[in-house]
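Here are the chains, one letter per residue:
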Amino acid sequence: MRSEGQLENGEQMPELELIRSPDVERENRIPPGQRLVNQWPVLHYGQVQRIDPSGWKFSISGLVEKELWLDYREFMSLPRVRVLSDVHCVTGWSKLDNLWEGVSASQLKKLVRILPEARFVIVHAAGGFTTNLQISDFFETDVVFAVKHDGKPLTPEHGFPVRLVVPRLYFWKSAKWVTGVEFTAEDRPGFWESHGYHNRGDPWKEERYSE
Ligand SMILES: Nc1nc2c(c(=O)[nH]1)N[C@H]1C(S)=C(S)[C@@H](COP(=O)(O)O)O[C@H]1N2
Ligand SMILES: [Mo]
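Treat the numbers as computed from the prediction; the structure is a model and nothing was measured.

Peer 1: For the nonpolar core, give the residues involved together with the corresponding values.
Peer 2: Judged by nonpolar contacts, the single largest core of 41 residues is most densely connected at Phe58, Phe75, Phe138, Phe145, Leu164, Val181 and Phe183. Going through the elements one at a time, strand E3 (57-62), strand E7 (120-125), helix H2 (135-138), strand E9 (144-149) and strand E12 (178-184) are the ones with two or more residues in this core. Val81, Trp93, Leu154 and Phe171 belong to the second largest nonpolar core, which has 14 residues in total.

Peer 1: Provide a residue-level description of the sheet that holds E7, including the pertinent values.
Peer 2: The strand order across the open sheet built from five strands is E4-E3-E12-E7-E8, with neighbouring strands paired in mixed fashion. On the outer flanks of this sheet lie strand E4 (68-71) and strand E8 (130-134), each paired with one strand and no other. Here the average twist between neighbouring strands, direction ignored, is 15°. The pairing of E7 with E12 spans six bridges and is classified as antiparallel. Pairing of Phe120 across the sheet is with Thr184, part of E12.

Peer 1: Just give me the short version of the site of ligand 1, but keep the residues and values in it.
Peer 2: Near ligand 1 you find 19 residues, and of these Pro41, Tyr45, His158, Arg163 and Lys176 are the closest. At a separation of 3.3 Å, a nitrogen atom of ligand 1 approaches a polar side-chain atom of Trp192. Calculation on ligand 1 without its partners gives an accessible area of 530 Å², and the protein chains cover 99% of this total. A per-class count over the shell around ligand 1 returns 14 nonpolar, three polar and two charged.

Peer 1: Give a description of the packing of aromatic side chains that names residues and reports values.
Peer 2: Under the counting rule described, the total for this entry stands at 18 aromatic pairs. Between the aromatic rings of Trp93 and Phe171, the centroid separation amounts to 6.2 Å while the plane-to-plane angle is 80°, which identifies the pairing as edge-to-face. With Trp93 in strand E6 (residues 93-104) and Phe171 in the loop between strand E11 (163-165) and E12, this residue pair connects regions lying 78 residues apart in the sequence. A residue is classified by how much of its surface remains accessible, and Trp93, at 6% relative accessible area, is buried. Considering the side-chain rings of Tyr170 and Trp172, the 5.6 Å spacing of their centres and the 15° angle between planes classify their relative orientation as stacked. Among the aromatic residues, those joined into a ring-pair cluster are Tyr45, Phe129, Tyr170, Trp172, Phe191, Trp192, Tyr197 and Tyr209. The cationic tip of Arg26 hangs over the ring face of Trp204; the distance from NZ or CZ to the ring centre is 3.6 Å. The lysine or arginine in question, Lys109, covers the ring of Phe139, its NZ or CZ lying 4.2 Å from the ring centre.

Analysis parameters
Residues numbered from 1 in each chain as written. Chains lettered and ligands numbered in written order. Predicted model: local features only at pLDDT ≥ 70, side-chain atom pairs only at ≥ 80, totals over all residues. Heavy atoms only, no water. Core = buried A, V, L, I, M, F, W, Y, C linked by side-chain atoms within 4.5 Å. Buried < 20%, exposed > 50% of the residue type's maximum accessible area, 1.4 Å probe, protein only. Helix = DSSP H or I, 4+ residues; strand = E, 2+ residues; numbered from the N terminus. Pairing = 2+ DSSP bridges. Axes fitted to C-alpha atoms, helices over the stretch in contact; angles between N-to-C directions. Near = heavy atom within 4 Å. Polar contact = N/O pair within 3.5 Å; in protein donor to acceptor, adjacent residues only side chain to side chain. Areas by Shrake-Rupley, 256 points an atom, 1.4 Å probe, with all protein chains shown as cover. Nonpolar A, V, L, I, M, F, W, Y, C, P; charged D, E, K, R; others polar. Phe/Tyr/Trp six-rings, centres within 6.5 Å; stacked < 30°, edge-to-face > 60°. Lys NZ or Arg CZ within 6 Å of the ring centre and 35° of its normal.

Now the structure itself:
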């Protein structure tokens, strides 16, 4: 049997690029008002989405030259990176040194031509959840559509098969059970953003809630 990372001819696959989120280089890594946890809490609105990969699709829609749908096998065969990042939930817990593996947000630029009018990204997830990002936040180098955490495939509770990770913003922007992204000219508050959370959510500025 082949072990993970081993090619058919028995050779080891080249190591994936490791991107260190800039926040992991800070001397003090705990933003104001946060406390450190060691386990990984599970947090979301509604039910855990149990997704059958055979029916799952990832859509790239909105202000793109040609909309694109990838099925599970197509998505899983995209080039991957690893990202080391800290997690800050707006409810107060922070979890350091998370190693994610997945598809870089920037990779999408190689799959579709994004129209110049696009200024925001609406991330869609199973069950109707959405979250909104400025396009510049979405295309930061450390933003990744993760399929693994600390070397193990995501569990359904943490977003299997694919979750977004936006390391520099509060963790509510990191949508679990992602089904696609939509590029828009106008901003459109997502689920938590229209239930009192801040529109952007920078933990270092404590952008927790809107007015
Ligand atoms: N689809 C979906 N993704 C979501 C949420 C949600 O309600 N639905 N909640 C967010 C919030 S508030 C947090 S803190 C993180 C928690 O992720 P975890 O359960 O993997 O720790 O998921 C985020 N992603
Ligand atoms: Mo959260």
